[in-house]
There are 2 protein chains.
Amino acid sequence: MLFTVFVKNCSIVFYQRQRGMSKIRKYGTLFTASLSFFSQKNTINTKDFMALPITNLEHLEKNKDDMKTKMELMILRVQADFCKALELEEDCNKFIVDRWTRKEGGGGVTCVMQDGKIFEKAGVNISVVSGNLPPQAVTQMKTRGKQLQGKNLPFFAAGISAVIHPVNPMVPTIHFNYRYFEVQNGDGEVQWWFGGGTDLTPYYLNTADALHFHETLKNACDKHDVKYYPKFKKWCDKYFNIPHRGERRGIGGIFFDDLDSPTQEKCFSFVTDMADAVIPSYVPLVKRHKQAKYTRVEREWQLLRRGRYVEFNLIYDRGTKFGLYTPGARYESILMSLPLHARWEYMNQPAEGTPESELLKVLANPRDWIEGCHCDDEVPDN
Amino acid sequence: MLFTVFVKNCSIVFYQRQRGMSKIRKYGTLFTASLSFFSQKNTINTKDFMALPITNLEHLEKNKDDMKTKMELMILRVQADFCKALELEEDCNKFIVDRWTRKEGGGGVTCVMQDGKIFEKAGVNISVVSGNLPPQAVTQMKTRGKQLQGKNLPFFAAGISAVIHPVNPMVPTIHFNYRYFEVQNGDGEVQWWFGGGTDLTPYYLNTADALHFHETLKNACDKHDVKYYPKFKKWCDKYFNIPHRGERRGIGGIFFDDLDSPTQEKCFSFVTDMADAVIPSYVPLVKRHKQAKYTRVEREWQLLRRGRYVEFNLIYDRGTKFGLYTPGARYESILMSLPLHARWEYMNQPAEGTPESELLKVLANPRDWIEGCHCDDEVPDN
């Protein structure tokens, strides 16, 4: 892959090439082998990434087949893909990149764009951390059905997480998160699983957008298991719930956790495809509405809904709570998900028949966006 | 007290009279008795309040010496005093008043002013609720040292709670809350206690303001017990802490809970005096700064600090969490404490030597505002 560095040297072209490369990869190892003919040494092309990997490059090279390596390189690639795709929409503003390390082990790369023309606040974060799991966290995982023995178990976690809050109230907010977890049990055995999801939070309901978003996710899921989309869609509606208001945070998407079958490789392939489905699910909606006209009332409604987003994230979101209660956590990266502006009004109740009240109806009673695609099975509690 | 209704009929004069009356009350029962000569029927004057009491008037009349009655009437009076004092500062905007009932028992009166010239959002809420304590709440109280037997214990709670977010960044935000709790144990014995506090959240540090605020609270405390202020001041700094940021929400004030000595009457008298100290501690600061000039940068800093306020209230505040997790809770009254606008920036770090960084220093290391007034005793965990 080294030759590309010499041929092209512009981030936009890089991005396009890099997207092309991910297609090329799908043609299998034969093509990759022929590419490696041109580049005998060195193989991990860090030029594609927003920053250097967290793990030492030499270690990554030596452990190419380890899932830890594969996950780290995948999230770094997806981070760069997504940031560059958003920069193309923004036109004038760029992401700032913060590469940070954690004294307990590992670190992350936080990319943030603030006060853009199109994106009011966009955060795309990857983290690769390892260490010993505090007893409290072990207990929490046990209650979720994990068979773990011991109190301070070595763990590894790698994930990508992003929240994009656009300026225009006609462009929805998107959130996605894909993660891989390994814990070494008291007897030395390693347990692993994947988790993640992608979900959309519109301020004004647009059925065509909702359909496009859900269909893109469904198509990506269906390649792996046709049961995935209906189940993970239901799980998503259950997870992103604001019980005190009796409403969902948005119109859902997919959400799953504890995925450890049929094989590690197949799980990784699924998670990779879902992460790669983010751009085609979302960027068309940005293009479609970023220049839409809007009123002050519509902007205020957007800010009010952002207040609800803050309520969900700070009160109920497991990831945020787990993160903030972890000593030494990088709270700036965790709270990057919060909007630049939010608003709380007392007793705001949109009048019946307004677009605002139409949205609320869907948030109170999640809709099956794709006809005939419904899951009757129970999904786990969060 | 009925005669006043006939003599004067203007809310401002009412308010002034009512403040005068509270002084008159202090002269004791002799004067009250002579007043009752003019008004044989002697009823509770609800004209002073923002809304009718929650408890049936006849029941209140019949149980005048019951602490439940005394507390309900006190918080209704303080609510009206405070709302009217703020309306005098606002000049053009008035509080809207929502009297609500709760099907499980009791209710409340929520007074809110929004988008005012001086007050961006001001909420003054009283609630008087009764019912059976859920087992979860009983457990929580047990861990706090209460000797409670049984799972569904009859309880009564009455309290006043207010948060005032002014428009001008030079005017601090104030919060106060005073409450009374009764639980009937499995053996029929009633346990009671008081709790509460008043605390200030400036956006720009003004030492004269801080001194005035703390001195007013100290003077009110000292009338009851000279140990109260230093202990409750320390407790306040411990309670209003945002651990993930390593900073306090504001510059403190007082905070206490589980107050049940020396006598019920003396506790009530203390809590009443502290509630009455809110206006003299705060309104002079509003008068002093409400017309101050400020810049866009100062306004943005204020909104950023309001984001921290939201973080504390939604993640750590026991009252908010307890409220939101209670089925049938009136979330609009609980979340009334949230500002109209808040802002979250990634990695906002004020430059050394700026007024913003001066504030942060005090939030990181709470100051003893009153010289020589320090508490070396441990204060309870929250």
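All figures in this text were calculated on a predicted structure; none of them were measured in a lab.

Help me get a handle on the relation of the copies chain B and chain A, residues and values and all.
Of the two same-sequence chains, chain B is brought onto chain A (RMSD 0.1 Å, axial shift 0.0 Å) by a rotation of 180°. Expressed as an axis order, the relation between the two copies is that of a two-fold axis. A symmetric contact is evident, with 100% of the interface residues of chain B recurring at the interface of chain A.

Tell me what's going on with the sheet that holds strand E2 (residues 106–114) of chain A, and back it up with residues and numbers.
Think of a sheet as strands paired side by side through backbone hydrogen bonds, with each pair either parallel or antiparallel. All names here are of chain A. The 7 strands lie next to each other as E1-E2-E3-E4-E5-E6-E9, forming an open sheet whose pairing is antiparallel. The sheet terminates laterally at strand E1 (96–101) and strand E9 (253–259), the two strands that pair on one side only. Pairwise comparison of adjacent strand axes, ignoring direction, gives a mean angle of 10° for this sheet. One ladder, built from 12 bridges, connects strand E5 (residues 173–184) with strand E6 (residues 190–201); its direction is antiparallel. Bridging from a neighbouring strand, glutamate 182 pairs with tryptophan 192 of E6. Each of E2, strand E3 (119–133), strand E4 (153–166), E5 and E6 touches helix H5 (residues 67–90); the most contacted strand, E3, lies at about 170° to it. Its contacts with the sheet put helix H8 (residues 228–239) on E6 and E9, and the angle it makes with E9 is roughly 100°.

Tell me about the pairing of E3 of chain A, residues and numbers included.
Residue and element names in this part refer to chain A. Of all 15 residues making up E3, 11 are buried, and the element is well covered by its neighbours. As paired strands, E2 and E3 are joined by 9 bridges and run antiparallel to one another. Its bridge partner lying in E3, glutamine 114 is registered against lysine 121. By the bridge criterion, 14 bridges tie E3 to E4 in an arrangement that is antiparallel. The residue of E4 that forms the bridge with leucine 133 is leucine 153.

Tell me about the environment of phenylalanine 268 of chain B, and name the residues and values.
All names here are of chain B. Along the polypeptide, phenylalanine 268 turns up in helix H9 (residues 264–276). On a C-alpha basis, the gap between phenylalanine 268 and tryptophan 193 in space is 9.6 Å, while along the polypeptide they are 75 residues apart. Filtering out sequence-adjacent residues up to four positions away, phenylalanine 268 remains in contact with Met67, Lys70, Met71, Met74 and Phe194.

Residues and numbers for the interface of chain B and chain A, please.
With 32 residues of chain B at the interface, the matching set in chain A holds 32 residues. In this assembly, chain B packs against chain A so that about 3,100 Å² is buried in total across both faces, 57% of it on carbon and sulfur atoms. For chain B, the biggest contributors to the area lost against chain A are Glu332, Trp344 and Tyr346 of chain B; these three give 26% of the whole. The residue arginine 245 of chain A makes a salt bridge to glutamate 332 of chain B at a minimum N-O spacing of 4.0 Å. The interface formed by chain B and chain A includes 15 residue pairs in polar contact (both at pLDDT 80 or more). Elements represented by at least two residues in the side of chain B that touches chain A include exactly strand E1 (96–101), strand E2 (106–114), helix H11 (296–316), helix H12 (318–325), helix H13 (331–334) and strand E10 (341–343) of chain B. The leading source of residues in the side of chain B that touches chain A is H11 of chain B, at 5 residues. Classifying every residue of the side of chain B that touches chain A gives 17 nonpolar, 5 polar and 10 charged. In terms of strand pairing, strand E10 (residues 341–343) of chain A meets E10 of chain B through 3 bridges, oriented antiparallel.

What counts and what doesn't
Residues numbered from 1 in each chain as written. Chains lettered and ligands numbered in written order. Predicted model: local features only at pLDDT ≥ 70, side-chain atom pairs only at ≥ 80, totals over all residues. Heavy atoms only, no water. Least-squares fit on C-alpha atoms with pLDDT ≥ 70 in both. Contact = heavy atoms within 4.5 Å. Pairing = 2+ DSSP bridges. Helix = DSSP H or I, 4+ residues; strand = E, 2+ residues; numbered from the N terminus. Axes fitted to C-alpha atoms, helices over the stretch in contact; angles between N-to-C directions. Buried < 20%, exposed > 50% of the residue type's maximum accessible area, 1.4 Å probe, protein only. Buried area = accessible area lost by both parts, 1.4 Å probe. Salt bridge = Lys/Arg side-chain N within 4 Å of Asp/Glu carboxyl O. Polar contact = N/O pair within 3.5 Å; in protein donor to acceptor, adjacent residues only side chain to side chain. Nonpolar A, V, L, I, M, F, W, Y, C, P; charged D, E, K, R; others polar.

Note that every value here comes from positions in space, so none of it alone points to a role or purpose.
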